[in-house]
Amino acid sequence: MVEHTDLVAPKSLFCAYDRGETTKYFRSASNRTHGATNKALGVTFITYGIIVEVLYVIDMFVMCKKKYRQLACYKIMIALGIYDMASISINSLLTGYFWIAGANYCTNPTLIFIAGSFVIGLWCGSCMNCFVLVINRLLDVWSKIHMKRVFGGYRAYLTLMIPLGYGMYFFLFTQPLFFNSDQAGWYFYTFTPNHSIEEFLSFPHIANNLLVVVTTCLLYVQYCRILLRVSKGSTWISFAQKSSFFQCTCICMINFACAMIFVYMEFFQPPACFVYLGHITWQLGNGFPAFVYILLNRTIQKEVLLLLRFRKPVKPPPTVLVTSSSANKRTVLIMASSAAKAFHW
């Protein structure tokens, strides 16, 4: 990929504070030769990305309604949706284009550098946002008092500043990922001559994957245990609880697999099939919630069906006026209604 093998970029060039020098170096040293192309894979990634983005737009339209965004869990889900949609635009749409064009850092240095910086920031911010979400769900079933103290009112927005600041740190102060079609994925390693993969280890990224992701998975397990414990009766579990358990299990498995694969890729150069698996789990981690909201979240599911006109709106129950026969002959207003059971993830 690099024409002049005697030109070796110092390690500091790949740090966040020397990004301009990094791009300048590779522009001068690169012969801009395109790498391997895979149009079928590129089209598949782009198609998947478009489907997920469309589903997420529908989900976000529903979740942003005032009656839902007042709830802390929906505020967090909206923030998670923003992270996921931005990530899908890179790991599916842009990566699909890179596969079709056979792109690498030498052919598109500025674009790949900027995209790689956003990718690492979005991934880590999303991980922390998932951590906040599971804390919210745990407090919701464990202690309503603590729930209000942490997520009540404006506190939910303040809590969401933690994932935002966390992601901004990785975006600004850690080294980005680089796409290389010859190596079938995104790496911290640039594959320049006379350099080893150990020189490009991103220890903050490793810490994020080992601590934040693993801790979130353990908390999800605890969340499922509490759900089972507080369920009505020892043998009856509601649809919402079954759905929540299924969601937590799938999300934990996908995020954990993705995190561990990318940690492995930092230390070793894996086979192409292993890289593809890691990238697919990354895409599923960002795209899976879009499907979950529509298929398993009854509240969003009903709103989407109404939005797409697949379901007619339910008319409000009739109002019955009953005049009492008491001495003061007061008029009592009785509203006949049924409580809808809504499941909030």
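Model, not experiment: these values are computed from the prediction. (Residues numbered from 1 in each chain as written. Predicted model: local features only at pLDDT ≥ 70, side-chain atom pairs only at ≥ 80, totals over all residues. Heavy atoms only, no water.)

**So, the overall build of the protein chain**
For step 1, the next point in the chain: Each helix and strand counted, the protein chain has eleven helices and four strands in total.
For step 2, the next point in the chain: If you take every contact in the protein chain between residues at least 6 apart in sequence, the share linking residues at least 24 apart comes to 77%.
For step 3, the next point in the chain: Just so you have it, the protein chain exposes about 17,600 Å², and 68% of that area is on carbon and sulfur atoms. (Helix = DSSP H or I, 4+ residues; strand = E, 2+ residues; numbered from the N terminus. Contact = heavy atoms within 4.5 Å. Areas by Shrake-Rupley, 256 points an atom, 1.4 Å probe, with all protein chains shown as cover.)

**Considering empty space enclosed by the protein**
For step 1, the next point in the chain: Per the stated rule, a full pass over the model turns up six cavities of 30 Å³ or more.
For step 2, the next point in the chain: Roughly 110 Å³ of volume is contained in the largest cavity.
For step 3, the next point in the chain: As for the largest cavity, its lining consists of 16 residues, and the residues nearest its centre are Cys130, Ile251, Asn255, Gly285 and Pro289.
For step 4, the next point in the chain: Put simply, the parts of the chain that give the lining of the largest cavity at least two residues each are α4 (72-101), α5 (109-142), α9 (239-267) and α10 (272-295).
For step 5, the next point in the chain: It is α10 that contributes the most residues to the lining of the largest cavity, five residues altogether.
For step 6, the next point in the chain: A breakdown of the residues in the lining of the largest cavity according to their chemical character gives eleven nonpolar, four polar and one charged. (1 Å grid on protein atoms, 1.4 Å probe; cavity = no way out; pocket = protein on both sides within 12 Å on 5 of 7 lines; lining within 4 Å. Points joined across faces, edges and corners; volume = space filled by probe spheres on them. Nonpolar A, V, L, I, M, F, W, Y, C, P; charged D, E, K, R; others polar.)

**Description of a nonpolar patch on the surface**
For step 1, the next point in the chain: Judged by side-chain polarity, Met161, Leu164, Met168, Tyr169, Leu172 and Phe173 come together as a nonpolar surface patch covering roughly 590 Å² of accessible area.
For step 2, the next point in the chain: Mapped onto the fold, Leu172 is located in helix α7 (residues 155-173). (Patch = residues over 30% accessible without salt bridge, like charges linked within 9 Å, V, L, I, M, F, W, Y side chains within 5 Å. Salt bridge = Lys/Arg side-chain N within 4 Å of Asp/Glu carboxyl O.)

**A few points about the side chain of Asn255**
For step 1, the next point in the chain: Along the chain, the position of Asn255 falls in helix α9.
For step 2, the next point in the chain: Ignoring sequence-local partners within four residues, the contact set of Asn255 consists of Trp123, Cys130, Val213 and Gly285.

**Digging into the pattern of salt bridges**
For step 1, the next point in the chain: If you walk through the whole model with that rule in mind, you get four salt bridges.
For step 2, the next point in the chain: In this structure, the salt-bridge partner of Lys65 is Glu303, at a minimum N-O distance of 2.9 Å. Of the two residues, Lys65 is situated in the loop between α2 (39-63) and α3 (66-69) and Glu303 in helix α11 (residues 298-307); the sequence distance between them amounts to 238 residues.
For step 3, the next point in the chain: Residue classification places Glu303 among the buried positions, given a relative accessible area of 9%. (Buried < 20%, exposed > 50% of the residue type's maximum accessible area, 1.4 Å probe, protein only.)

**Topic: the environment of Ile58**
For step 1, the next point in the chain: Locating Ile58 in the fold gives a position in helix α2.
For step 2, the next point in the chain: Sequence-distant contacts of Ile58, that is, excluding residues within four places in its chain, are made with Val304 and Leu307.

**Quick look at the packing of α2 against α11**
For step 1, the next point in the chain: It is the contact of α2 with α11, at a shortest axis distance of 10 Å, that shows an interaxial angle of 105 degrees. Looking at the two axes, α2 sits roughly perpendicular to α11. Taking contact as the criterion, the partners of Ile58, Asp59, Phe61, Val62 and Met63 in α2 are, on α11, Ile300, Glu303, Val304 and Leu307.
For step 2, the next point in the chain: In the contact of α2 with α11, the residues fall into seven nonpolar, no polar and two charged. (Axes fitted to C-alpha atoms, helices over the stretch in contact; angles between N-to-C directions. Parallel < 35°, antiparallel > 145°, perpendicular 65-115°, else oblique.)

**Points about the environment of Leu308**
For step 1, the next point in the chain: Mapped onto the elements of the fold, Leu308 is located in the loop between α11 and β3 (319-323).
For step 2, the next point in the chain: Measuring from C-alpha to C-alpha, the distance between Leu308 and Ile58 comes to 9.4 Å, with 250 residues separating the pair along the chain.

**Comments concerning the UniProt feature "transmembrane region" (unreviewed entry) in the protein chain**
For step 1, the next point in the chain: The sites that carry the UniProt feature "transmembrane region" (unreviewed entry) are, in the present numbering, residues 40-64, 76-100, 112-135, 156-179, 206-223, 244-264 and 276-296.
For step 2, the next point in the chain: Summarising residues 112-135: 100% helix, 0% strand, and an end-to-end C-alpha distance of 34 Å. (UniProt positions renumbered as here; feature names shortened; annotations may be inferred.)

**Digging into α4**
For step 1, the next point in the chain: For α4, spanning 30 residues, the distance from its first C-alpha to its last is 43 Å, which sits close to the expected 44 Å at 1.5 Å a residue.
For step 2, the next point in the chain: Where burial is concerned, most of α4 is hidden: 23 out of the 30 residues are buried.
For step 3, the next point in the chain: Backbone geometry just downstream of α4 places Gly102 in the positive-phi region, at approximately 65 degrees. (Expected span 1.5 Å × (residues − 1).)

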